[in-house]
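Chain residues, written in single-letter form:
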Amino acid sequence: MAITFKKVDRNAKLTLWEASYVPEILRGMSITMRHFLTNMAGLVMELAGGRKHRKIMTLYYPEEDPVIPPSYRGRPALVRRSDGLEKCVACGLCEVICPPHCISIVGAERENGERYPLTYTLDGSRCIFCGLCEEACPKEAIIMSHDWKNLCEYDRSKMIYSKEQLLYPERNLVRRLEAIRGRYFGIKRYKNN
Amino acid sequence: MITLPDLVETVVKIAFILGLTIGFYAPIIGWIERKQSAVMQDRIGGNRAAILGFTVIGLFHSLADAIKLIFKEDFVPRGAETALHRLAPVISVVPALIAFAVIPFGGTYNLWGHETRLVIADLDVGVLYVFAIASLATYGVVIAGWASNNNWSLLGALRAAAQMFSYEVAMGLTIIGLVMFYQSLSLVEIVDKQENFYHWGIIWHFPAFILFLTCAIAENKRIPFDTPEAESELVAGYFTEYSGMKFIMFWTAEFLEIVTISALCVTLFFGGHQIPFVTVSGLIDFLGFLGPNGANAAAMLIGVAVFIIKLTLLIMLQMSIRWTLPRFRYDQVMKLGWKMILPASLIWIFLVGAGILTGVMPAV
């Protein structure tokens, strides 16, 4: 959207109608009263069990959770495959691209020749939630989840997440996965909200 | 000679008015101000203060405020004029309260052979009394600002003094037309003459109502005329240095002034306790099935209820004005007062005089 601006003429001459204040005050009050009445009606409807549709955008936070958009970047998560193992192949791309260097990986190899991260440590106190690890990952193995609660601790050592803490089943990450696929690969399977 | 029933009647009326203003309206206005502004601005407003899990749509916030402020330190700044600093809040609360003495909140009823007139003092010069008392409120503000030993307070007090003085002149003049129309300075008589709906002040004196309300809000130092306490310029103006209970008293004084102004508007322009097209005697006749005393008592309750409803609606009108308009600049306040409202009220007096002389306005 192009930025538009309005030039305010501070020396504007008021017409007699405007200078008499009262009609303009009534006009202003009609706006505020319109908001008052529509909001009152909305609040009464909601109390009466109607659908929650109101102009008031206030969220009762601890009781109500906000709707997280699909493109939201929460705490990074490692994707767990359906057989319970991690998708990550320990290539180290995320480790390299991470701007605050919060990821550190020790790679290893399974008996069938698959590479996997022996340890995968992500320092949550340093992570800047930029999502570059997700972009760099060739395997869709690290995804910015929609976790946004309980990211704070009183002790920084508690914010260093181990592989087990980061592993998420794939079904919990579907919305974000579809969002990034739509964005990076032009797949328009997801809809907003 | 004052008799015992008269004494009881007066004490009951005073208790009722004190309960209505301090006990009911002061906390309720705090609540209305929070909630109405919130809903007008697409917010919800305070609703977390709860007693045993009941929040009563945020009504307990006034209570929580009161408890918090009562337990706060009563602070007197160094260099302040201690005695005057303590006196100022009282001086601002008292005028707001005692102005209510002449405002009739009901008609005259005959209860158990005792004629009860629902006004604490039926003065012949009720209008003048209200203005005299209202001008006393200036002292509280000026003393508070001066005694605080604070530059912002003093500036606020100076502004308040100039503003209240200017608007008092205009406010007095806006009422002259009404006094000419009703040919009385007694508020009781003015209300009695509004028994006929077509003689209500608002019908014949709508311009005076607008002017009066404007002056009254300016007198009350509320937005859009709150230059004496302009937060963005003067911290909190004349009560910057007040905390705890004294701060509540300034706060209460402001709310009580809203009630007083609304009550005065109801009395002068909206017929006080009168219901349109219903006379008090007609109402008592209509309720005759309750017996003479019951009919009078019921009519009295209805009259008081009507008065309170009108009062509340006017308070909400003032609230919506307060939450709609931005603040005037100080010179604009003065210009509006002296160059617009004062001439406008003089013109209105002239027009009312012409109307009465030519018979356009009915004689009441």
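Scroll up a little and you will see the structure.
Scope of this entry: the structure provided in the associated data block. (Residues numbered from 1 in each chain as written. Chains lettered and ligands numbered in written order. Predicted model: local features only at pLDDT ≥ 70, side-chain atom pairs only at ≥ 80, totals over all residues. Heavy atoms only, no water.)

1. Examining the overall build of chain B
Here is step 1: Along the backbone of chain B there are 13 helices and two strands.
Here is step 2: A compact globule built from 364 residues would reach a C-alpha radius of gyration of about 21 Å, and chain B, at 21 Å, matches this within 12%.
Here is step 3: Taking all 364 residues of chain B together, the buried fraction comes to 52%.
Here is step 4: By sequence separation, contacts in chain B at least 24 residues apart represent 79% of the contacts at least 6 residues apart.
Here is step 5: Total accessible area on chain B stands at roughly 16000 Å², and carbon and sulfur atoms take up 72% of it.
Here is step 6: Averaging the positions of the 21 positive and the 25 negative side-chain charges in chain B gives two centres separated by 10 Å. (Helix = DSSP H or I, 4+ residues; strand = E, 2+ residues; numbered from the N terminus. Rg over C-alpha atoms; globule rule 2.2 N^0.38 Å. Buried < 20%, exposed > 50% of the residue type's maximum accessible area, 1.4 Å probe, protein only. Contact = heavy atoms within 4.5 Å. Areas by Shrake-Rupley, 256 points an atom, 1.4 Å probe, with all protein chains shown as cover. Lys, Arg positive; Asp, Glu negative; His and termini not counted. Charge placed at Lys NZ, Arg CZ, Asp CG, Glu CD.)

2. Some points on the pairing of strand E2 (residues 114-117) of chain B
All names here are of chain B.
Here is step 1: When strand E1 (residues 108-111) meets E2, the two strands line up antiparallel, connected through four bridges. Across the sheet, the residue bridging to Tyr-109 is Thr-116, located in E2.
Here is step 2: Linking two consecutive strands that pair antiparallel, namely E1 and E2, is a turn of two residues; a positive phi of about 50° is found at Trp-112 within it. (Pairing = 2+ DSSP bridges.)

3. A short note on the pattern of salt bridges
All names here are of chain A.
Here is step 1: This model, assessed by the stated rule, comprises 21 salt bridges over all chains.
Here is step 2: For Lys-163, the salt bridge identified is with Glu-86, shortest N-O distance 3.5 Å. Linking Lys-163 in helix H5 (residues 163-166) with Glu-86 in the loop between strand E1 (76-80) and helix H3 (93-97), this pair joins segments that are 77 residues apart in sequence.
Here is step 3: According to the relative accessible area criterion, Lys-163 is buried, its value standing at 9%.
Here is step 4: Two residues, Arg-110 and Glu-114, come together in a salt bridge whose shortest N-O distance is 2.8 Å.
Here is step 5: Note on Arg-110: relative accessible area 17%, which makes it buried.
Here is step 6: What makes Glu-114 partly exposed here is its relative accessible area of 28%.
Here is step 7: Overlapping salt bridges bring together Arg-81, Asp-83, Glu-86, Arg-110, Glu-114 and Lys-163 as one network. (Salt bridge = Lys/Arg side-chain N within 4 Å of Asp/Glu carboxyl O.)

4. A short note on the packing of helix H2 (residues 60-70) of chain B against helix H10 (residues 244-269) of chain B
All names here are of chain B.
Here is step 1: As a packed pair, H2 and H10 sit with axes 7 Å apart at the nearest point and diverge in direction by 140°. In terms of their interaxial angle, H2 and H10 are classed as oblique. Contacts between H2 and H10 pair Asp-65, Ala-66, Leu-69 and Ile-70 from the former with Gly-244, Met-245, Phe-247, Ile-248 and Trp-251 from the latter.
Here is step 2: For the contact of H2 with H10, the class distribution of residues is seven nonpolar, one polar and one charged. (Axes fitted to C-alpha atoms, helices over the stretch in contact; angles between N-to-C directions. Parallel < 35°, antiparallel > 145°, perpendicular 65-115°, else oblique. Nonpolar A, V, L, I, M, F, W, Y, C, P; charged D, E, K, R; others polar.)

5. Focus: the environment of Val-141 of chain B
All names here are of chain B.
Here is step 1: On the secondary structure map, Val-141 appears in helix H4 (residues 126-147).
Here is step 2: On the basis of relative accessibility, which here comes to 2%, the residue Val-141 falls in the buried class.
Here is step 3: Sequence separation between Val-141 and Gly-237 is 96 residues; the distance between their C-alpha atoms is 9.6 Å.
Here is step 4: In this structure, Val-141 is in contact with Ala-157, Ala-160, Lys-221 and Tyr-238, ignoring residues within four places of it in sequence.

6. Let's talk about helix H5 (residues 151-182) of chain B
The periodicity of an α-helix, 3.6 residues per turn, causes residues three or four places apart in sequence to face the same way.
Residue and element names in this part refer to chain B.
Here is step 1: With 32 residues, H5 should cover 46 Å at 1.5 Å per step; its first-to-last C-alpha distance of 46 Å lies within 8% of that length.
Here is step 2: If you look at H5, its biggest bend is around 25°, right at Ile-176.
Here is step 3: Of the residues flanking the start of H5, the one acting as N-cap is Asn-150, its side-chain oxygen 2.7 Å from the backbone nitrogen of Trp-152.
Here is step 4: Gln-183, located one to two residues past H5, shows a positive phi value of around 55°. (Expected span 1.5 Å × (residues − 1). Bend = angle between axes of the 7 residues up to and from the residue. Polar contact = N/O pair within 3.5 Å; in protein donor to acceptor, adjacent residues only side chain to side chain.)

7. Brief notes about the environment of Thr-214 of chain B
Here is step 1: Tracing the sequence through the fold places Thr-214 of chain B in helix H8 (residues 206-219).
Here is step 2: Every residue in contact with Thr-214 of chain B, bar those within four places of it in the chain, is listed here: Phe-225, Leu-336 and Ile-341 of chain B.

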